[in-house]
Structure formats: C-alpha cells, structure tokens
Amino acid sequence: MATETRTPTVPEADAVDSVRAALRSPRRLRTEVLAGLVVALALIPEAISFSIIAGVDPRIGLFASFTMAVSIAFLGGRPAMISAATGAIALVVAPVMQQHGYDYLIATVLLGGVVQVVLGLLGVARLMRFVPRSVMVGFVNALAILIFSAQLPNLLGVPWLVYPMVAVGIGVMVYLPRLQKVVPAPLVAIVLLTLVTVAASVQVPTVGDAGALPDSLPSLLLPDVPLTLGTLKIVGPYAVAMALVGLMESLMTAKLVDDVTDTHSDKTREAWGQGVANVVTGLFGGMGGCAMIGQTMINTKVSGARTRISTFLAGVFLLVLVVGLGDLVAAIPMAALVAVMVMVSVGTFDWHSVRPSTLRRMPRSETAVMVVTVVVTVATSNLAIGVVTGVVVASVLFVRRVAHLTAVTRLDGSDDDGARVYAVTGELFFASSNDLVHQFDYAGDPDRVVIDLSAAHVWDASTVATLDAIETRYAAKGKHVTIRGLDEDSAARHGRLAGTLGGGH
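Here is a short report on the structure shown in this document. (Residues numbered from 1 in each chain as written. Predicted model: local features only at pLDDT ≥ 70, side-chain atom pairs only at ≥ 80, totals over all residues. Heavy atoms only, no water.)

## Topic: the overall build of the protein chain
Helix and strand counts for the protein chain come out as 21 helices and six strands. C-alpha atoms of the protein chain, sized along the principal axes, occupy 100 × 60 × 50 Å. Sequence separation of 24 or more characterises 83% of the internal contacts of the protein chain that already satisfy a separation of 6 or more. Within the structure as shown, the protein chain displays about 23200 Å² of accessible surface, and the carbon and sulfur contribution to it stands at 63%. Separation of charge centres in the protein chain, based on 35 positive and 36 negative side chains, amounts to 6 Å. (Helix = DSSP H or I, 4+ residues; strand = E, 2+ residues; numbered from the N terminus. Contact = heavy atoms within 4.5 Å. Areas by Shrake-Rupley, 256 points an atom, 1.4 Å probe, with all protein chains shown as cover. Lys, Arg positive; Asp, Glu negative; His and termini not counted. Charge placed at Lys NZ, Arg CZ, Asp CG, Glu CD.)

## Brief notes about the side chain of glutamine 151
Here glutamine 151 shows up in the loop between helix H6 (133-149) and helix H7 (162-179). The class of glutamine 151 is buried, set by a relative accessible area of 5%. What glutamine 151 contacts, discounting residues up to four positions off in sequence, is Glu46, Val338, Met341 and Val342. (Buried < 20%, exposed > 50% of the residue type's maximum accessible area, 1.4 Å probe, protein only.)

## Topic: the pairing of strand S5 (residues 448-458)
Of all 11 residues in S5, eight are buried, a share of seventy percent or more. The sheet contact formed by strand S4 (residues 420-428) and S5 spans eight bridges and is parallel. Bridge pairing in S5 links glutamate 427 to histidine 457. Note: S5 against strand S6 (residues 480-484), five bridges, orientation parallel. Opposite isoleucine 451, over in S6, you have isoleucine 483 as the bridge partner. Running through helix H20 (residues 461-476), the crossover from S5 to the neighbouring parallel element S6 is right-handed. (Pairing = 2+ DSSP bridges. Right-handed = clockwise from strand over helix to strand, strands pointing away.)

## Here's the deal with the nonpolar core
Judged by nonpolar contacts, the single largest core of 93 residues is most densely connected at Ile44 and Met287. Looking at which element gives the most residues to this core, the answer is helix H2 (residues 26-54), with 12 residues. Counting residues in each nonpolar core, the second largest holds 20 residues, with Val449, Val458, Val464 and Tyr474 among its members. (Core = buried A, V, L, I, M, F, W, Y, C linked by side-chain atoms within 4.5 Å.)

## Comments concerning the packing of helix H4 (residues 87-100) against helix H10 (residues 229-261)
When two helices pack together, their arrangement is given by the angle between the helix axes and by the axis-to-axis distance. In contact at an axis separation of 8 Å, H4 and H10 are set at 165 degrees when each is read in the N-to-C sense. It follows from the interaxial angle that H4 and H10 lie roughly antiparallel. Regarding H4 and H10, the two cross each other, and that crossing is left-handed. Side by side, H4 and H10 meet where Ala88, Ile89, Val92, Val93, Pro95, Val96, Gln99 and His100 of the first sit next to Ile234, Tyr238, Ala241, Met242, Val245, Gly246 and Glu249 of the second. For the contact of H4 with H10, the class distribution of residues is 11 nonpolar, three polar and one charged. (Axes fitted to C-alpha atoms, helices over the stretch in contact; angles between N-to-C directions. Parallel < 35°, antiparallel > 145°, perpendicular 65-115°, else oblique. Left-handed = near helix turned anticlockwise from the far one by under 90°. Nonpolar A, V, L, I, M, F, W, Y, C, P; charged D, E, K, R; others polar.)

## Some points on the environment of alanine 64
For alanine 64, the location among the structural elements is in helix H3 (residues 58-75). For alanine 64, a relative accessible area of 0% corresponds to the buried category. As a C-alpha pair, alanine 64 and arginine 129 span 65 residues in sequence and 30 Å in three-dimensional space. Excluding anything up to four places from it in sequence, alanine 64 contacts Ala85, Thr281, Gly286, Met287 and Gly288.

## Overview of the sheet that holds S6
As summarised here, the arrangement of the four strands in space is S3-S4-S5-S6, forming an open sheet in which the pairing is mixed. Each edge of the open sheet carries a strand with a single partner, namely strand S3 (407-410) and S6. Across the sheet, the mean angle from the axis of one strand to that of its neighbour is 20 degrees, orientation sign disregarded. Docked against the sheet, H20 engages S4, S5 and S6, running at close to 170 degrees with respect to S5. In the packing of helix H21 (residues 488-497) onto the sheet, the strands contacted are S5 and S6, and the crossing angle to S5 comes to about 120 degrees.

## What about empty space enclosed by the protein?
A full pass over the atoms with the stated rule returns one cavity of 30 Å³ or more. Lining the largest cavity are Ile72, Ala73, Gly76, Arg78, Pro79, Ala80, Met81, Glu270, Arg308 and Thr311. (1 Å grid on protein atoms, 1.4 Å probe; cavity = no way out; pocket = protein on both sides within 12 Å on 5 of 7 lines; lining within 4 Å. Points joined across faces, edges and corners; volume = space filled by probe spheres on them.)

## Topic: the packing of aromatic side chains
Throughout the structure, instances matching the rule amount to seven aromatic pairs. Taking the centre distance of 6.4 Å and the plane angle of 50 degrees together, the rings of phenylalanine 440 and tyrosine 442 count as tilted. Given the relative accessible area of 8%, phenylalanine 440 is considered buried. Since its relative accessible area comes to 10%, tyrosine 442 is described here as buried. Grouped by ring-pair contacts, the aromatic residues Tyr422, Phe440, Tyr442 and Tyr474 constitute a single cluster. (Phe/Tyr/Trp six-rings, centres within 6.5 Å; stacked < 30°, edge-to-face > 60°.)

Laid out in structure tokens, this is it:
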C-alpha cells in the first residue's frame, strides 16, 4: 500500500491547509470565511445557468452546488477546492433529462457517483502522472478563455450602464488590494455595485433575472425508476461519461491548485470523494457536479483561502443566501459577477507561456501540444476532451522524438574471430525498430555477425520481431547472427518471444 510522504519539519496542525490552525488564527479564519462568501455569491448565477443547460429548475442546480460543496469539504482530498454543479456535467446529463425525465437524471447522477467511487478505489488518480506540463499549460489557458467567453452573453445586448459597472468592478479588484487586503476585493466590488444599483434604481440585469431562487431546503429523494436492465441501458452510458468527465476535471483542478498553493493533495481520496458527493447530491435531488475551476481560482488565488473551511462555508452561505436572503441576492447586478470572473480569467491565463521569448526557447513539439489542447478545449467547450487530445498528441510527438534517437553503428574492423560487429544504441520499440532491419549489410558482411545491444533496451514484441527478421535475412545467405549485451529485462523479453512471432514479421 502506497504511503503519503509528510514533511517532518512542518507539524500537521501548523500546515497551510490545516483547519485546526485556521480556527486558531483570527486572520486566517477571516480569510476563509470571506472567501467562502465571495465564492457563494459567484456560484449562484453559475448554478442557475447550468440548470438551464441541463433543462431542470434552477433550484436543482443550486441545491446540487450546496450538497457538492459541503460534502466535498469533508470527503475531498484537495483542501480549498470548490465542487458544485458544472457546465460539463450539465451537458452530459442534459439528454437524459430531455428524453427520459427528471427521475432518470437523478438515477444517472447516483450511478455516476458509484462509478466514480469504484474508479477512485481502483487508483484512476494515478493516471495524472501521464499528463505532461504542456497539456497542463494548455488546460489552464483554455480554461481562462472559456471563463472569459462564458461572460460574453452578459456583455452583449445589454444596457450601456453595464459596461461602466464592469469597469468599476475590475478597477476595485485591481487597485483595492494595494490599499488593504483584509476584505477580499471581489466582495467589496459586489457589495459596492449592488448598493449603487439598488440606491440609484439602475435598470441592469440582476441575479434575479437569471431564474427563480428556492424558498425551501432540499429534501431526500429516491428516483422513481424501475430497477431493470432496461433502466441500466438508458442511464449507464451517461453515468460513465459523467463519472469520467467529472473525475478528469476534478483531478486536473486539484493538480492546478497544488501548483497555486505549493501544497500536495490526495488525488485518490479526491476521486472517490467526488463519487460520494455525487451520490449525496443525487439523494437530495441535485443534478450532480464536479470541481469548479473558476470558483476554485476565486477561492485560492484571488481570496487566498487554503483550507476546507472555505469550501464548507461556500456551500452553507450559498444555501443561506438563496433560501433566507433570496430577495437581497436577486438584486446583485450581473455586472459585478462578470467583473469578478473577468479578473479570474486574466489571473488564470499563463501569460508567460505565450511570451515571444518563451516561445523561442520552447521546443516546437511542446508548443504544438499546448496549442492543440487550447484549440480542442475551446472548440468543444469540454476540458476533458481537450486534455485527452493533448495527452494523445504529446504521446505521439514523444514517441516520434525518441524513435529518432536510435542508431546503428558498424564498428571498424571485426572481433577476434572475424565477425562483423554492429552496436545499436537507444530505446527499441515499435516506432524506432521498424527501420532497424534496413541498417545491416546482409550481402557484404562475413559469415558471422554480432549485434551488440549493450547500449539499447528492448521494450516490445515489435522489436523482437525485427531482430527475428534480421536473423532470418542473414540465415537466408548462410550467415549466423549473435545478439549480445541484452540487459536482464530485455533478455527476458527476447527469450520469451524470439522465434514465436510469425517468422520474424
């Protein structure tokens, strides 16, 4: 069983993401509380819009955001990360709602949560090690673009007063931190613009215009669907898709927060924690969710939160705001929340990655992977598809690069018994070994040939088949080949497969 390495010089109680340390420090606790409030305010319009995408009542998305945030605060492996109803999950479950109704949507969420728990326990989080840095940079840049583009509907075809309000909000968030950092600048911007809107009776779009807010607490709900194979055939594919998309976005977000906060998270716990949170959400009639990258950046990068307290309070504040203070929340101008999200997008984008000096130094393959990840993610509006595409492209380019590092050198002269010696260097696998067969002088070599693999490694059956083909060609001319220098792993693979792969083809 894998064990988590801890730094012995930093007591757990004093760690930056320690709840106990935050509760003992009034300054840190204030940061966590205010960060949770800002995130809750930002979650409201997002949850409502995602509910519309999924084709459900706004309260379904709001309740899902509440249950996801509160559940993951206890179950998740990445402190300070925000999970709630998301657009990616809404897009996955929307067809179920449209074609089969609300009960089947809830059944999909419940099954998707179970699948996530199973995948988490099976160690799917370990696959994150195969995501290269160039894909991560592309993921971050695409995320920033998507966050900004999601604000465009609130900036087009709106009253002209929206634009100066957004500008004022951005100005507050840019300049206020230079004067004070006690109260998060996004919260000040939201309160200030709301007061102006209400006091001056400014007619601009508000949160209340996005949809009706609930006036009661969520209650337990079991979907009214038959427990049959037919139901499984309906919800199964959507549940698996929901589980995979949710896990990928959550694990990528966790890795991003690790970098932002310079701390480590338990990805396996995060994976199964997301599943349990979705099961809880489904039992309370929510539409499911996963980690929210934009709100997580507000929480960690903008507001400076580091512990589970902010995540928990984001959910609690969300419920209190929409149920107990619905009329007040409904008066918040969308311009204030747009300003917050614009600042999040600007802060999220990795500007260093697109500087001319960086692009000149960076290998073209690395830049290509980043660009492909960004383009595919933005084109599909799906972070999971973009990341998978980026990883595939990165793998192909890596294989191509490594394949060109293989070389065959004919040594001058011959060994003591007159044999011709060839030295092969590099990693031998399907991409590098296919041309190996053409690197030998079958007609001109003496009767004995030695292939020295001391500086090479045999990785797959394709290479063994190529070596068989080389021996076959020499044998056809009455010559004998000796392969020497195999390391233990290569020798075991060659010994097991040599002569069994179809005559060396």
